[in-house]
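Descriptive structure summary
Residues per chain, in single letters:
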Amino acid sequence: MKKLVLIDGNSIAYRAFFALPLLSNDKGQFTNAVYGFTTMLLKVLEDEKPSHLLVAFDAGKSTFRHQTYAAYKGTRQKTPSELSGQIPLIHQVLDAFSIKRYEAKEYEADDIIGTQAKAAAKEGYQVVVITGDKDLLQLVDDQIEVVLTRKGITEVDRYNEAKIDERYGLKPAQIIDLKGLMGDTSDNIPGVPGVGEKTALKLLSEFHDVETVLDSIDQVSGKKLKERLEEHKEQAILSKKLATIVTDAPLEHSLSSLLYNGYEDANVIELFKELSFNSLLNRFSSDDHVDAVEMKELDYRIVTEPTADYFASPSAVVVEVLDEHYHHADIVGISIANKNGVIFIPTEKAIQSEVFRTFMKSDEQEKWLFDAKQAVVALAWQGIELNGVSFDLQMASYLLDPSLSSHEISDIASRKGSGGVQEDEQVYGKGAKKALPEQGKVAEHLSRKANVMFELKQILEKELKENEQLELLTELEMPLSIVLGKMEKEGIKVDRTQLKDMGEDLSERLSALEEKIHEEAGESFNINSPKQLGVILFEKLGLPPVKKTKTGYSTSADVLEKLSGSHTIIESILLYRQLGKLYSTYIEGLLKVADKETGKVHTRFNQALTQTGRLSSTDPNLQNIPIRLEEGRKIRKAFVPSKENSVIVSADYSQIELRVLAHISGDEGMKEAFLKDMDIHTKTAMDVFHVTEAEVTDSMRRSAKAVNFGIVYGISDYGLSQNLNITRKEAKEFIDRYLASYPKVKAYMETVVEEAKEKGYVQTLLARRRYLPELTSRNFNMRSFAERTAMNTPIQGTAADIIKRAMVDMSAELEKTTLTATMLLQVHDELIFEVDEKDKDELMKLVTQVMEQALPLDVPLKVDVSSGASWYDAK
DNA sequence: CTTCCCACGC
DNA sequence: GACGTACGTGGGAAGT
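Each chain carries its own residue numbering, running from 1 in the direction its sequence is written. By the order in which they are written, chains take letters starting at A while ligands take numbers starting at 1. Confidence filtering applies because this is a predicted model: local features only for residues at pLDDT of at least 70, side-chain atom pairs given and counted only at 80 or more, and all residues used for totals across whole chains, interfaces and linings. Hydrogens and water are ignored here; the side-chain numbers use all heavy atoms of the structure.

1. Examining the domain arrangement of chain A
For chain A, the domain assignment lists domain 1 (3-258), domain 2 (293-470), domain 3 (493-601 + 617-636), domain 4 (657-797) and domain 5 (799-868). Boundaries of every domain are those given by an automatic assignment or by a domain database. For domain 3 and domain 5, the distance between their C-alpha centroids amounts to 35 Å.

As structure tokens, this is what we get:
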């Protein structure tokens with residue numbers, strides 16, 4: 001299908017200019033309209049996938065309309081110079097995208113579009129017009145659609161004939177009659193005074209068009225209206241003529257010349273850099289479109305018998321693991337780049353090579369990697385030790401800006417202008433189609449990666465230094481990744497038999513419950529389907545729907561809890577959900593990933609993902625094993641020591657975030673709580689409600705706890721109101737009282753937002769950064785969210801820094817001692833170990849000491865530690 | 001294969 | 001006053 005997209009250049013530029021704040025690049029050029037136009041353009045290319053494309057511009061000067069009607073566009077304000085200066089830049093963007101643009105002296109963009117649209121439709125094309133100008137709706141027919149910007153530039157409405165009928169009750173051709181009657185102030189088209197949209201639509205529904213209206217004035221109801229129509233007859237005809245888009249303007253190009261063949265990435269990247277469109281560069285480079293970056297020749301050698309002269313210090317080393325589940329995964333191959341050149345070694349040859357193994361093991365031979373943890377773990381499973389990692393490109397990229405969606409080598413490369421590396425997805429494919437290409441292609445791809453890493457290391461290291469983040473990388477995250485790698489490889493043992501037993505019990509109870517629920521509902525249905533459940537509850541049983549989701553009734557737990565008591569089915573459903581979750585996610589889920597022989601699960605900690613600096617855990621996620629409800633907590637009984645005579649030890653920080661807040665803000669009241677080791681929620685209740693410790697009621701403590709919780713996670717007054725089931729106003733008052741009780745916390749909250757606005761980012765005690773461009777957003781929500789994030793991230797992020805440092809320290813301590821103890825897991829503020837019983841007491845003492853001393857604050861850090869035969873018992 | 005809803009942890 | 005509201009991972013349903 002041939003598809004022509006016509007873009008109204010001036011109209012979109014104009015919209016973009018007013019929709020976005022007045023941005024400028026480092027050369028002082030204003031770029032907001034260019035930016036908005038470009039985002040729209042990218043969206044159109046992606047959504048519409050045009051085979052033919054044209055952007056039309058107004059030539060400016062005098063068109064036939066001015067000659068017809070001198071006052072045409074007479075009231076329009078002169079285009080602001082900040083915008084007109086951007087038009088040539090928009091032209092440059094189009095040139096970079098190899099998109100044809102056009103302007104004609106005597107005609108407006110509308111007329112070019114009208115002419116082109118009708119001509120193309122005649123040839124059988126599907127046509128889409130992109131504009132902000134409603135006038136163009138008149139072009140719509142069964143082959144032509146008009147996409148109108150609604151608010152800003154991203155929100156659009158798509159008009160076909162049906163949609164126009166729905167909106168106006170008119171045929172597309174009647175749009176000009178509408179304009180003829182009501183006029184258009186922005187173009188200074190007069191229309192008939194006193195006739196607005198309502199009256200015009202009424203007249204048109206009765207008489208169809210301007211001419212018929214004017215011929216039938218005597219039939220029009222309303223004396224005043226009759227007079228006006230009579231008086232402004234000619235003006236109405238003229239107005240209609242002005243609003244009519246020309247569809248037979250002379251065009252100097254053929255339709256086939258609008259054929260769109262895509263663009264050269266390099267051209268676009270170059271221009272985006274010039275314009276400082278960094279965010280687009282990111283998005284752009286992660287897109288998998290059209291032509292690949294042109295590649296320079298790279299000299300590399302496939303080596304099957306590595307000799308010492310191929311290795312040097314430092315070397316960039318690529319250890320390619322195709323499966324993201326890198327435990328037990330095959331290594332595709334290895335590439336090494338250094339001063340002696342670039343080589344590729346097939347995996348089996350590398351594993352057999354003594355000289356390679358020695359090189360990898362050596363502490364002295366410096367190696368730069370991308371995701372060192374993955375390499376360490378994958379190699380360890382192959383019996384190869386990796387030491388001497390002195391730079392990790394992925395970690396570096398993450399620390400420089402955790403918000404970037406990709407820290408892939410190819411993306412970092414194109415971001416930094418190095419190019420020359422294909423996306424992994426382009427080389428290997430994705431999903432079911434993922435496969436290994438011939439060795440030559442793999443060798444080249446890996447070699448290019450290694451080669452570019454050599455260059456990128458210098459660039460990112462320099463940026464880290466400028467940010468004073470190099471130490472964070474080399475002294476914290478990189479040592480930590482080695483520690484995490486060991487923990488992942490070690491794994492934690494789950495008792496499969498116990499899980500199966502629990503599973504059988506659950507499964508029986510679930511069947512019984514299912515039967516009961518179907519009985520209570522009076523029919524059988526899928527309880528796991530929110531859609532079906534909603535119909536049963538709110539239609540069949542007639543319960544009041546409390547909340548709606550985008551797609552129907554909400555059946556979430558908090559909704560059901562509000563309904564509990566109104567029908568016995570509710571409680572059954574809540575229990576069914578609870579048990580169902582346990583069964584599918586935790587019993588089945590864990591059994592699926594537990595090694596059949598060893599019973600161990602080997603999670604992967606993602607160290608380069610969260611915006612706050614925390615870790616995350618996948619396959620399985622061991623950071624969300626149930627604890628709150630006893631039923632679920634029992635799952636933890638299945639997590640047991642892997643060795644004989646050993647126990648599980650759990651050590652968790654008590655209130656680490658609030659301690660960090662007390663330290664950062666320096667608030668005396670809050671510090672006092674921790675210096676005196678008081679219960680923080682009780683202390684908060686005392687301070688907020690101005691009562692003595694003895695007077696604090698359960699409800700007061702619960703509210704205080706919810707506010708403390710809110711502070712730690714950066715929730716809004718709305719979030720707090722939901723938590724406490726109170727009104728938003730009450731929640732806000734509560735927060736205000738809290739801040740009044742802790743004045744330095746209030747001051748901190750204010751200054752941190754101010755500073756973040758100035759600098760563009762917030763940071764933790766150990767210089768972890770998070771950029772918050774939304775702080776200057778005009779959208780209240782986005783701005784508020786950014787403000788809460790600014791307050792919260794230094795707190796949560798510093799807590800993450802602290803436990804990370806404790807892990808690195810603890811690992812070093814364990815290596816120094818003869819304790820038979822292994823670190824197994826981290827759950828944000830908790831560390832889990834396995835230890836021989838004889839060393840239990842010593843380990844508990846050591847871990848407490850290390851964790852409490854990890855980072856000295858103005859208040860003490862407190863660690864609760866306990867042990868038991870399973871994770872459940874270590875409480 | 002993707003999106004939505006829901007639920008678990010900190 | 002509207003806006004739609006901590007960070008993650010994963011399972012099942014349902015729509016493409």
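2. Considering the protein's contact with DNA strand B
Surrounding DNA strand B, one finds 23 residues, the nearest of these being Thr555, Arg577, Asn624, Ile627 and Arg628. Residues adjacent in sequence count toward polar contacts only when both atoms are side-chain atoms; beyond that, a polar contact is any pair of N or O atoms within 3.5 Å, and within protein one must be able to donate a hydrogen and the other to accept it. A distance of 2.6 Å separates a phosphate oxygen of DNA strand B from a polar atom in the backbone of Ile627. Among the elements that take part in the surface near DNA strand B, helix 26 (residues 568-593) stands out by supplying three residues, more than any other. Proximity is defined per residue: any heavy atom of the residue falling within 4 Å of a molecule or strand makes that residue near it. Helix and strand labels come from DSSP, where a helix needs a run of H or I of at least four residues and a strand needs a run of E of at least two; each type is numbered from the N terminus.

3. Here we look at empty space enclosed by the protein
Both site types are read off a 1 Å grid over the protein atoms alone. A 1.4 Å probe that fits but cannot get out defines a cavity, while an open set with protein on both sides within 12 Å along at least five of seven lines defines a pocket; lining residues have an atom within 4 Å of a point. Grid points are joined across faces, edges and corners, and a volume is the space filled by probe spheres set on the points. Inspection of every chain in the model, using the stated rule, returns three cavities of 30 Å³ or more. In this model, the second largest cavity occupies a volume close to 50 Å³. Taken together, Arg614, Leu615, Ile656, Glu657, Gln796, Ala799, Ala800, Ile803, Gln826, His828 and Asp829 form the lining of the second largest cavity.

4. Things to note about the pattern of salt bridges
When the charged atoms of two side chains with opposite charge come close together, those side chains can pair. By definition, a salt bridge exists where a carboxyl oxygen of Asp or Glu is found within 4 Å of a side-chain nitrogen of Lys or Arg. According to the stated counting rule, one finds 38 salt bridges in the structure shown. In this structure, the salt-bridge partner of Lys759 is Glu755, at a minimum N-O distance of 3.5 Å. Here Lys759 and its partner Glu755 are both found in helix 34 (residues 743-759), four residues apart, which amounts to about one turn of the helix. Only protein chains enter the area calculation, which uses a 1.4 Å probe; residues under 20% of their type maximum are buried, those over 50% are exposed, and those in between are partly exposed. Using a relative accessible area of 43% as the deciding quantity, one classes Lys759 as partly exposed. The closest approach of N and O atoms between Arg768 and Asp801, which form a salt bridge, is 2.9 Å. You can see Arg768 sitting in the loop between strand 21 (761-763) and strand 22 (769-771) and its partner Asp801 sitting in helix 35 (residues 780-816), a full 33 residues away along the chain.

5. Observations regarding the sheet that holds strand 4 (residues 126-131)
At least two DSSP bridges between two strands are needed for those strands to be called paired. Spatially, the six strands line up as an open sheet ordered 3-2-1-4-5-6, and their pairing is mixed. Lying at the two open borders of the sheet, with one neighbouring strand each, are strand 3 (101-104) and strand 6 (156-159). Here the strands of the sheet are splayed against their neighbours by 20° on average, with no regard to which way each runs. Here, residues are in contact when the closest pair of their heavy atoms is within 4.5 Å. Fitting a line to C-alpha atoms yields each axis, with helices limited to the stretch in contact; the angle taken between N-to-C directions then spans 0 to 180 degrees. Across the sheet, helix 2 (residues 32-48) is in contact with strand 1 (3-8), strand 2 (52-58), strand 4, strand 5 (144-149) and strand 6; its angle to strand 1 comes to roughly 165°.

6. A few points about the side chain of Ser703
Within the secondary structure, Ser703 is located in helix 31 (residues 698-713). The contacts of Ser703, once residues within four sequence positions are left out, are Leu724 and Phe734.

7. Quick notes on the packing of helix 18 (residues 393-400) against helix 21 (residues 439-466)
Between helix 18 and helix 21, the shortest axis-to-axis distance is 10 Å and the interhelical angle comes to 35°. Helix 18 and helix 21 meet at a crossing whose hand is left-handed. Note on element contacts: helix 21 touches helix 18 through Met453, Leu456, Lys457, Leu460, Glu463 and Leu464, opposite Leu393, Ala396, Ser397, Leu399 and Leu400. In this classification, the charged set is Asp, Glu, Lys and Arg, the nonpolar set is Ala, Val, Leu, Ile, Met, Phe, Trp, Tyr, Cys and Pro, and all remaining amino acids, among them Gly, are polar. Residue composition of the contact of helix 18 with helix 21, grouped by class: eight nonpolar, one polar and two charged. Crossings are sorted by hand: turned counterclockwise from the far helix by less than a right angle, the near helix makes the crossing left-handed, and turned clockwise it makes it right-handed.

8. Some remarks on the pairing of strand 8 (residues 315-321)
With seven of seven residues buried, strand 8 is to be regarded as a mostly interior element. Side chains Ser315, Val317, Val319 and Val321 of strand 8 all project onto a buried face; the interleaved residues Ala316, Val318 and Glu320 project onto the opposite face, where all are buried too. Sheet analysis places strand 8 next to strand 11 (residues 367-369), joined by two bridges and oriented parallel. Opposite Ala316, over in strand 11, you have Trp368 as the bridge partner. Examined bridge by bridge, strand 8 and strand 9 (residues 331-338) share six bridges and lie antiparallel to one another. Bridge pairing links Val319 to Ile334 in strand 9.

9. Quick word on the environment of Gly440
Relative to the helices and strands, Gly440 is located in helix 21. On a C-alpha basis, the gap between Gly440 and Tyr326 in space is 23 Å, while along the polypeptide they are 114 residues apart.

10. Concerning the sheet that holds strand 8
In spatial order, the strands read 7-10-9-8-11-12; together these six strands make up an open sheet with mixed pairing. Two strands close off the open sheet at either side, each with one partner strand: strand 7 (301-302) and strand 12 (389-392). With six bridges connecting them, strand 9 and strand 10 (residues 341-346) associate as antiparallel partners. Looking at the pairing, Ala337 lines up with Val342 of strand 10. Of the strands in this sheet, strand 8, strand 9, strand 10 and strand 11 are in contact with helix 16 (residues 354-361), which crosses strand 8 at around 110°.

11. A short note on the packing of aromatic side chains
Aromatic rings from Phe, Tyr and Trp, taking only the six-membered ring of Trp, are treated as a pair when their centres fall within 6.5 Å; an angle between ring planes under 30 degrees marks them as stacked, one over 60 as edge-to-face, and anything in between as tilted. All chains considered together, the criterion is met by ten aromatic pairs. Ring centres 5.3 Å apart and planes at 85° place the aromatic pair Phe639 and Trp871 in the edge-to-face group. Here Trp871 lies in the segment after strand 25 (863-868) and Phe639 lies in strand 19 (residues 639-640), a separation of 232 residues in the sequence. Taken together, the ring pairs in this structure connect Phe311, Phe356 and Phe359 into an aromatic cluster. Cation over ring: Arg769 sits above Tyr761, and NZ or CZ is 3.8 Å from the ring centre. A ring has a charge above it when a Lys NZ or an Arg CZ is no more than 6 Å from the ring centre and no more than 35 degrees off the ring normal.

12. Overview of the pairing of strand 24 (residues 830-836)
Most of strand 24 is tucked away, with seven of its seven residues classed as buried. Neither face of strand 24 is exposed, since Glu830, Ile832, Glu834 and Asp836 on one face and Leu831, Phe833 and Val835 on the opposite face are all buried. Pairing analysis gives five bridges linking strand 23 (residues 821-826) to strand 24, with the strands arranged antiparallel. Note that in strand 24 the partner of Ala821 across the bridge is Val835. Between strand 23 and strand 24, which pair antiparallel in sequence order, lie three residues; one of them, His828, sits at a positive phi of approximately 70°.

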